[in-house]
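Residues per chain, in single letters:
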Amino acid sequence: MKRPAPRRESPLLQNARERKIIGRPEAHELDSVRNRPENLERALRMLRQAVGAEWVSDDPAIACGYARDQSFLPAVYPHMIVLPASTQEVAEVYRIANECLVDVMPYGTGISTVGATIPMFGGIECDLRRMDRILELDGRNMYTRIQPGVNFAELQAEAQALGLRVTNPSTSATAGVISNIASCNINSMCCKYGFGMDNIIDIEMVLPSGEILEAGPRACGMDPAHVPGPGPDVAPFFRYSCGTLGIVTEMTLRLYPEPACDRKFYASYNEDRLDDIVDAFYAIARDNLASELLHIQNTFFGNFMAETNQEAEQLVGMIPRNNIMAILGGASEEEARLKADLTRRRVEETGRFEFLDPDAVDEMARAKGLKPERQMKYLRESVRVQRVKGSFLIGALVDHLDNFEGIEKAMRRVTTQQIGTNQGVFRPDDAGIYFQPYHMGRMAYLEYDLYMDQSDPEDLVRMLLGYFRATLTGMANGALFAAGVGSLLKGLPMLDMALPMMMPGMSVYMDTVSALKMELDPNNVSNRRWDYETGVMPKFSLF
Amino acid sequence: MEKKLTALRETLSDYRDDYSLCGKCKLCHASHVHEIDRGRFWRNCPAGSRFRFDGYYASGRLEMARALELGEIEPTPALLHSLYACTLCGNCQEQCYPVKQLYPMRVFELMREKAVREGWGPLPEHLSALDNLEKTDNLFGRPKAERERWSDGLGLRDAARKGAEVLLFAGCRYSLQPELAETARSAVRVLRAAGLEVGSMGSEELCCGAPLLELGDRDFFEAFAAENIRRMKAVRADLIVTLCPHCAWVMAEEYAPELDAEIKPATEVVAEVLREERFWPQQELSGKAAWHDPCRLGRRLRLYDAPREILDCIPGLERVEFQRSRGSSLCCGNGGMAGYAFPDYEEWTAAERIYEAECVGAAKVVTACPWCEEMLGRGARSRGSDVIVENVFSLLWESLGGDGS
């Protein structure tokens, strides 16, 4: 059989290529000091020597894989990518970056909705996925020590084999545990056990200077003791630092027992009255019987519990739109049922709820061909259905439970108009929120997510306007915006001035953080956001 | 070339949404993670698991497609390496489609077609296969006359000359690899025991073209497809039974609109017969056996239950499941013609599959694909494992009382 000759590229494209009409966008400004071409070349050579040529690449085709995430930010390519395999190799990466004055962008597993790993100035993308070992898993004392390449899927499976579980991520199970926990880790168990970041025992971290810092009990050779160590406790200082203060290369964190039996609890209501929910939340949270407690409206149900979009849509149609959901665990069916009955009595005293029989809900689901047991697994372990193609912007507020009554009402008006760009995929019938008490109801967390079609500029404008309207509405009512963006907002034109105006303590705090950053990273190589000389962000980045 | 089989060809830009709107949730890297109970088995992308850069996973390769189409990047050695290191197993699409409605694997197939069309693909390591196909119409460069030797003594009906109601399409590997010939002979005996008298085109059989489609050489594939279709039409068969899932896949997806005959993989035919209880295996076998879903039979043709039903009919054989099974099955490593270019990495992938078999306590890994048989066998040898790789037809024939000769 004669092989047909390959056809030639279209002359138009060829011509365009030759004349460089199209081509890779010049994403990196030529800096007089940083990321100089000759230094990049030297850094590349040194990195190849340090970690092995196989694990370093400056090929544009490999670089483009790190140029975008789920945010709407435009693509920016790193100059080179390195995959270190150990703490020492990470330290070597920083040493080389300092010597050559090249930027370093830490990259955990690359799942981000805010451009957290997009290398704004190019430089070295430090992909940590070769550091993927669970170093220790102590079933009796319920903790684990992991490297940054370990994801929730892997850790959850290993923990469950010992009857334990890790606080689940509100994202896909392929998310890195350390990077997710370092950025808070909102999870369905946070009313009982706190956010993931509250469950860190100790860390090992490579500072931007290349020094290795151990913090927590391990710093003085103690076993992971579930207490902060001899003190002062510096383990939490990397929280929300988003790679600006270095790279966490090991983390020890608490695990929790997986109850042998559990009982679901649904309290639904017709009217959108958050005050009823707040009262019920206070009551349930203070009893601290529920392992999971959350208010998830319509589409969020699908997100958290379904396997496919079709299933999600069925589920949303099946469960009342407004719902408090709790899961009560116990060593026996009886214990779980007793806890559920007690919880029901508490909630009955607080408002106008109707209680769904969880067995009937399961039965109804089975009749529709759904699998309730599996849905529970999804809810408790990870979010599978991401439902949209395109960009996503997460909005989150933290405040006292009772303050959310007013906030939510105001925000709903703006978010309702913004969601709904995912035609034909998973149609949200209305705006929905994810609302849950935190730390036994001392605080609460409210999430509102906005979606857009990246290829539609009008949609982008609509989303951004909606997002800021929603967020500023929340903040005007006193809520803290998505705790932990300080390190990323420093130097952002207008916003770094606006924030201290809205939160007067912010300027002192930001000055302290800035001084810390300058001390630990004198050359400003680790996730550079703002210039030390000018104090401003040289390149616009929302987060 | 007689005619174009696909009147309107798809191009990479038709899938702009798919490569532009990937949200990088990385579900495509994983198996269906809620079904595993050992952390290690979350990984389900052979290329990504081995080469680790994001560009070797679907999420990164989709980005390459975007950048390539926008002219942000030129074809580079790493792009080519990543593109052909993919085994086209389809796990990424299996994980992504139900939740995002994207077609990553289709994008990679079209990237390969673009590579061949523009002359920068495939890899030099693939050229020997292309040469062989050009000169001898088979992958191995063996004389055409050798193609019928596997069936010596079986007395198969000469379908090319006399026609046949049921045409058996053995494929290059079963016909020309001596170590696989006995499997093909067992399959014929099983089909006969089921009451099906099959014919073969013998030396008139050509490569189905699947390797060409996998490499992205659609023009060359269509030359083979057109000739195969012409010859198959001449046989006037009602049913075409394929032994190799790769043949079954291209025939079902590409040939079917042009043929009047029904096309079925042999496993499906035999499972149907067993369901009708037209024959029943009696001989007791022993041990635990795990069914390895070949990617083309499973994810591509959605044939998951039929081979399991066959194994369940064999007395004494205890069937166990891989942790990564059915839609989440791990590729053996030999798909997408990757085995030609990256033998070490493919053997590494197969060894991981054998390790998984050991973890679920399987003494045998059973499959029905010659590509998987070859690679898993190599994986077992490289691990020094006691796990035996078997073909489902050999086991079935043994249980039917055959002596294997």
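Within each chain, residue numbers correspond to sequence positions counted from 1 in written order. In the order they appear in the text, chains get letters beginning with A and ligands get numbers beginning with 1. Confidence filtering applies because this is a predicted model: local features only for residues at pLDDT of at least 70, side-chain atom pairs given and counted only at 80 or more, and all residues used for totals across whole chains, interfaces and linings. Side-chain calculation: all heavy atoms of the structure are included, whereas hydrogens and water are not.

(A) Quick look at the overall build of chain A. By the criteria applied, helices consist of DSSP H or I runs no shorter than four residues and strands consist of E runs no shorter than two, each listed in order from the N terminus. From N to C terminus, chain A includes 18 helices and 19 strands. Any two residues whose heavy atoms approach within 4.5 Å at even a single point are treated as in contact. For chain A, the proportion of contacts with a sequence separation of at least 24, taken over those separated by at least 6, is 73%. Accessible surface computed for chain A: about 21,200 Å², of which carbon and sulfur atoms make up 54%. Accessible areas in this description were obtained via Shrake-Rupley with a 1.4 Å probe; residue shielding takes into account the shown protein chains only.

(B) Up close: the sheet that holds strand 8 (residues 200-206) of chain A. All names here are of chain A. Two strands pair if DSSP finds at least two bridges between them. The antiparallel open sheet is built from five strands, whose spatial order is 5-6-10-8-9. In the strand order of this sheet, the two ends are held by strand 5 (134-138) and strand 9 (212-215), each with one partner. Ignoring which end each strand starts from, the neighbouring axes of this sheet average 10° apart. Under this scheme, a helix contributes an axis fitted over its contacting stretch, all axes are lines through C-alpha atoms, and angles between N-to-C directions fall in the 0 to 180 degree range. Of the strands in this sheet, strand 5 and strand 6 (143-146) touch helix 5 (residues 152-160), which is tilted by about 30° from strand 5.

(C) Geometry of a nonpolar patch on the surface. All names here are of chain A. On the surface, a nonpolar cluster with roughly 400 Å² of combined accessible area is contributed by Phe468, Leu472, Met501 and Met502. Mapped by element, the contributors of at least two residues to the nonpolar patch are helix 15 (457-476) and helix 17 (495-502). For methionine 502, the location among the structural elements is in helix 17. Its relative accessible area of 39% is what places methionine 502 among the partly exposed residues. Here a patch means residues that are over 30% exposed by relative accessible area and free of salt bridges, tied together within 9 Å if like-charged and within 5 Å if nonpolar (Val, Leu, Ile, Met, Phe, Trp, Tyr). Any carboxyl oxygen of Asp or Glu within 4 Å of a side-chain nitrogen of Lys or Arg constitutes a salt bridge here. Residue exposure (1.4 Å probe, protein chains only): buried if accessible area is under 20% of the type maximum, exposed if over 50%, otherwise partly exposed.

(D) Representation of the packing of helix 8 (residues 274-287) of chain A against helix 11 (residues 333-348) of chain A within the structure. Residues and elements named next belong to chain A. The contact between helix 8 and helix 11 brings their axes to 8 Å, and the two run at 145°. The two elements helix 8 and helix 11 cross, and the hand of that crossing is right-handed. Taking contact as the criterion, the partners of Ala280, Ala283, Ile284 and Asp287 in helix 8 are, on helix 11, Thr343, Arg346 and Val347. In this classification, the charged set is Asp, Glu, Lys and Arg, the nonpolar set is Ala, Val, Leu, Ile, Met, Phe, Trp, Tyr, Cys and Pro, and all remaining amino acids, among them Gly, are polar. Broken down by class, the residue content of the contact of helix 8 with helix 11 amounts to four nonpolar, one polar and two charged. For any pair of crossing helices, the crossing counts as left-handed if the nearer helix is rotated counterclockwise from the farther one by less than a right angle, and right-handed if it is rotated clockwise.

(E) Region of interest: the interface of chain B and chain A. In this assembly, 67 residues from chain B lie in contact with 67 residues from chain A. Once two parts are put together, the accessible area they lose, assessed with a 1.4 Å probe and summed over both, is termed the buried area. Counting each side, the surface lost to burial between chain B and chain A is near 5,500 Å², with a carbon and sulfur contribution of 54%. Three residues, B:His34, B:Arg52 and B:Phe53, lead the burial of chain B against chain A; their summed loss comes to 14% of the area buried on that side. For A:Arg68, the salt bridge identified is with B:Glu63, shortest N-O distance 2.6 Å. Polar contacts, as used here, are pairs of N or O atoms within 3.5 Å; protein pairs need one atom able to donate a hydrogen and one able to accept it. Residues neighboring in sequence count only if both atoms are side-chain atoms. Between the two partners, chain B and chain A, sit 21 residue pairs in polar contact (both at pLDDT 80 or more). For the side of chain B that touches chain A, the secondary structure elements donating two or more residues are helix 1 (16-20), helix 2 (46-51), helix 3 (58-69), helix 4 (77-85), helix 5 (91-100), helix 6 (104-118), helix 7 (127-136) and helix 12 (218-235) of chain B.

(F) Examining the pairing of strand 5 of chain A more closely. Note: strand 5 of chain A against strand 6 of chain A, four bridges, orientation antiparallel. Bridge pairing in strand 6 of chain A places A:Glu136 opposite A:Arg145.

(G) Structural detail: helix 11 of chain A. Residues and elements named next belong to chain A. Helix length check: helix 11, at 16 residues, gives a terminal C-alpha distance of 22 Å against a target of 22 Å (1.5 Å per residue), a fit within 8%. Those residues of helix 11 that sit buried are Ala336, Lys339, Ala340, Thr343 and Val347. For helix 11, the angular spread of buried residues about the axis comes to 100°, placing them on one side. Opposite its buried face, helix 11 presents the exposed residues Glu334, Leu338 and Arg345, each directed more than 90 degrees away. Here, expected helix span is obtained from the residue count minus one, scaled by 1.5 Å. Summarising the geometry, the arc corresponds to the directions from the helix axis toward the C-beta atoms.

(H) Here's a closer look at the environment of B:Asp305. Mapped onto the elements of the fold, B:Asp305 is located in helix 16 (residues 305-313). The class for B:Asp305 is partly exposed, based on a relative accessible area of 41%.

(I) Structural view of the sheet that holds strand 9 (residues 388-391) of chain B. All names here are of chain B. Taken in spatial order, the four strands make up an open sheet running 7-6-8-9, and their pairing is parallel. Every other strand in the sheet has two partners, leaving strand 7 (318-320) and strand 9 as the edge strands with one partner each. Pairwise comparison of adjacent strand axes, ignoring direction, gives a mean angle of 35° for this sheet. Examined bridge by bridge, strand 6 (residues 288-291) and strand 8 (residues 364-367) share three bridges and lie parallel to one another.

(J) Focus on the pattern of salt bridges. Taken as a whole, this structure holds 76 salt bridges over all chains when the rule is applied. A salt bridge links A:Arg129 to B:Asp54, with the nearest nitrogen and oxygen atoms 2.9 Å apart. Of this pair, A:Arg129 sits in the loop between strand 4 (124-127) and strand 5 while B:Asp54 is found in the loop between helix 2 and helix 3, placing the two residues in two different chains. In this structure A:Arg129 comes out as buried when scored by relative accessible area, which is 7%. Look at B:Asp54 and you get buried, because its relative accessible area is 0%. A:Asp132 is the partner of B:Arg43 in a salt bridge, and the nearest nitrogen-oxygen pair spans 2.8 Å. Of this pair, B:Arg43 sits in the loop between helix 1 and helix 2 while A:Asp132 sits in the loop between strand 4 and strand 5, each in a different chain. On the basis of relative accessible area, B:Arg43 is assigned to the buried category, the value being 15%. Taking the relative accessible area as the measure of exposure, A:Asp132 reaches 15% and is therefore buried. In the salt-bridge network here, residues are joined through shared partners; they are A:Glu136, A:Arg145, A:Asp202, A:Glu204, A:Glu214, A:Arg218 and A:Glu250.

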